[in-house]
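# Commentary on secondary and tertiary structure
Residues per chain are reported as follows:
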Amino acid sequence: VQLVESGGGLVEAGDSLRLSCRFSGGGFATYSVGWFRQAPGKAREFVTTISGSGKYTNYSDSVKGRFAISRDNARNLVYLQMHSLKPAETAVYYCAACSDPMNLLPTTPESYNYWGQGTQVTVSS
């Protein structure tokens, strides 16, 4: 399994940005996929996750109402649509995949088997 993020960049506070995560490997619809972010000197932080079917989602309180996760199982893609971005949300954003069928919406990094290399999102004030 390989995950590749794209769509990061430099935006201004209040702007929107959409990240993509491309999954390579079989059984994509059996994996929950999450997004995390990590700012310099800080721990990796849970952002959002989506179940394999796409029916269920979970968000951190800090992004609820501004970010939206979705997936296209026909194209092996997961998206993170971000609105009203804040400078404090400058970080490397990672997508990750979890194969545990008993863990539908995992929120901890340890729950995920596979990780992408990350994409930088910089929000200027």
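Preceding this section is the structure that the text describes.
These figures come from a predicted structure and were not determined experimentally.

## Regarding the overall build of the chain
Counting its regular elements, the chain contains zero helices and 11 strands. Secondary structure elements of the chain, listed N to C terminal, follow the sequence β-β-β-β-β-β-β-β-β-β-β. Its C-alpha atoms give the chain a radius of gyration of 13 Å, near enough to 14 Å, the size a compact globule of 125 residues would have. Taken along the three principal axes of its C-alpha coordinates, the chain extends 40 × 25 × 25 Å. Sequence separation of at least 24 residues holds for 58% of the intrachain contacts in the chain that already meet a minimum separation of 6. Here the chain displays about 6100 Å² of accessible surface, and carbon together with sulfur accounts for 50% of that area. Averaged over its 11 positive side-chain charges, the chain has a centre that lies 4 Å from the centre of its 9 negative ones.

## Here we look at the pairing of strand β8 (residues 77-82)
Most of β8 is tucked away, with five of its six residues classed as buried. Alignment of strand β3 (residues 17-24) against β8, held across six bridges, turns out to be antiparallel. Bridge pairing in β8 places C21 opposite V78. Bridge analysis of strand β7 (residues 67-72) against β8 gives six bridges, and the strand direction is antiparallel. Bridge pairing in β8 places S70 opposite Y79. Count of turn residues in the β7/β8 antiparallel hairpin: four residues, of which N76 carries a positive phi of about 60°.

## Here's the deal with the state of the cysteines
This structure, assessed with the given rule, holds one disulfide. A disulfide bridge connects C21 with C95, and the sulfur atoms are separated by 2.1 Å. Looking down the S-S bond of the C21 and C95 bridge, the torsion is 65°, so its handedness is right-handed. Taken as a pair, C21 in strand β3 and C95 in strand β9 (residues 91-98) lie far apart in primary sequence, 74 residues in all. According to the relative accessible area criterion, C21 is buried, its value standing at 2%. Residue class for C95 comes out buried when judged on its relative accessible area of 0%. The cysteine C98 is free of any disulfide, with C95 supplying the nearest cysteine sulfur at 13 Å. You can call C98 buried: its relative accessible area is 0%.

## A word on the pattern of salt bridges
One pass over the full model with this rule turns up four salt bridges. Of the charged contacts in the structure, one is a salt bridge between R66 and E89, with a shortest N-O distance of 2.4 Å. Taken together, the residues R66 in the loop between β6 (57-59) and β7 and E89 in the loop between β8 and β9 connect sequence positions 23 residues apart. The class for R66 is buried, based on a relative accessible area of 14%. E89 gets classed as buried once you look at its relative accessible area, which sits at 4%. Linked by salt bridges that have partners in common, R37, E45, R66 and E89 make up one network.

Definitions and limits used
- Residues numbered from 1 in each chain as written.
- Predicted model: local features only at pLDDT ≥ 70, side-chain atom pairs only at ≥ 80, totals over all residues.
- Heavy atoms only, no water.
- Helix = DSSP H or I, 4+ residues; strand = E, 2+ residues; numbered from the N terminus.
- Rg over C-alpha atoms; globule rule 2.2 N^0.38 Å.
- Contact = heavy atoms within 4.5 Å.
- Areas by Shrake-Rupley, 256 points an atom, 1.4 Å probe, with all protein chains shown as cover.
- Lys, Arg positive; Asp, Glu negative; His and termini not counted.
- Charge placed at Lys NZ, Arg CZ, Asp CG, Glu CD.
- Buried < 20%, exposed > 50% of the residue type's maximum accessible area, 1.4 Å probe, protein only.
- Pairing = 2+ DSSP bridges.
- Disulfide = S-S within 2.5 Å.
- Salt bridge = Lys/Arg side-chain N within 4 Å of Asp/Glu carboxyl O.

Read these as layout, nothing more, since geometry by itself doesn't imply function.
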